[in-house]
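Listed below, chain by chain, are the residues.
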Amino acid sequence: MRERGEDLGDLLWGMVGGKPIQNHWTGGDVPAQTPLAVDMAKMLKAKGYKFVGPVIVYAFMQATGFVNDHLTCCHRHGPVNRMSA
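Described below are features of the structure shown in this document. Just so we're clear, the structure is a prediction, and the values are computed from it rather than from any experiment.

## A few points about the side chain of Gln 22
Counting through the fold element by element, Gln 22 comes out in strand β1 (residues 21–22). Gln 22 sits in the buried class, given a relative accessible area of 19%. Side chain to side chain, Gln 22 and Asn 68 meet in a polar contact 2.8 Å long.

## Quick notes on the environment of Gly 9
Position of Gly 9 among the secondary structure elements: in helix α1 (residues 8–15). For the pair formed by Gly 9 and Met 40, sequence separation is 31 residues and the distance between their alpha carbons is 12 Å.

## Some thoughts on the nonpolar core
In this structure, Leu 12, Val 16, Met 40, Leu 44, Val 57 and Met 61 are the most contacted members of the largest nonpolar core, which totals 14 residues. Ranked by residue count, the leading element in this core is helix α2 (residues 35–46), at 6 residues. With near-sequence residues (within four places) excluded, Met 61 lies in contact with Val 16, Leu 36, Ala 37, Met 40, Phe 66 and Val 67.

## A few points about the side chain of His 77
As for its placement among the helices and strands, His 77 is situated in helix α4 (residues 77–83). A relative accessible area of 7% means that His 77 is categorised as buried. Sequence-distant contacts of His 77, that is, excluding residues within four places in its chain, are made with Asn 23, His 24, Asn 68, His 70, Leu 71 and Thr 72.

## Side note on the pattern of salt bridges
Scanning the model with the defined rule gives 2 salt bridges in all. Between Glu 6 and Arg 4 there is a salt bridge; the shortest N-O distance is 3.0 Å. A relative accessible area of 54% places Arg 4 in the exposed class. Two residues, Lys 47 and Glu 6, come together in a salt bridge whose shortest N-O distance is 2.5 Å. Placement of the pair is Lys 47 in the loop between α2 and α3 (54–64) and Glu 6 in the segment before α1, with a sequence separation of 41 residues.

## Here's the deal with the environment of His 70
Inspection of the secondary structure puts His 70 in the loop between β2 (67–68) and α4. Given the relative accessible area of 31%, His 70 is considered partly exposed. With near-sequence residues (within four places) excluded, His 70 lies in contact with Arg 76, His 77 and Val 80.

## A short note on α1
Where α1 starts, the residue carrying a side-chain oxygen 3.1 Å from the main-chain nitrogen of Gly 9 turns out to be Asp 7. Count one or two residues on from α1 and you reach Gly 17, which has phi positive near 80°.

Here is what the cut-offs are and how they apply
Residues numbered from 1 in each chain as written. Predicted model: local features only at pLDDT ≥ 70, side-chain atom pairs only at ≥ 80, totals over all residues. Heavy atoms only, no water. Helix = DSSP H or I, 4+ residues; strand = E, 2+ residues; numbered from the N terminus. Buried < 20%, exposed > 50% of the residue type's maximum accessible area, 1.4 Å probe, protein only. Polar contact = N/O pair within 3.5 Å; in protein donor to acceptor, adjacent residues only side chain to side chain. Core = buried A, V, L, I, M, F, W, Y, C linked by side-chain atoms within 4.5 Å. Contact = heavy atoms within 4.5 Å. Salt bridge = Lys/Arg side-chain N within 4 Å of Asp/Glu carboxyl O.

Given below as C-alpha cells:
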C-alpha cells in the first residue's frame, strides 16, 4: 500500500467519517459485527490483508477507538464520547 501511495490510517478513518462512531448501547445489545465492519473487512481483503473478517475488524475498531462501544451505564462512555467532540 505504501508503495502505491496509500495510507492505511487515512483509508480506515475515511470509512468512519474522520472521527470515532459514538454508539449508545444499553445492556447486552452490543453487536459482534456491523455493516461497516463488513465493508471494512472487504476493503482490507481487497488490499491483501488476511484474517480480517467482520468480527475481527469490529473488535479492532473497538480496541483502537474507531467506535465507542462502552455501555451508556459505563463510567467510561461519557468521557470517551467527549474525547471525540
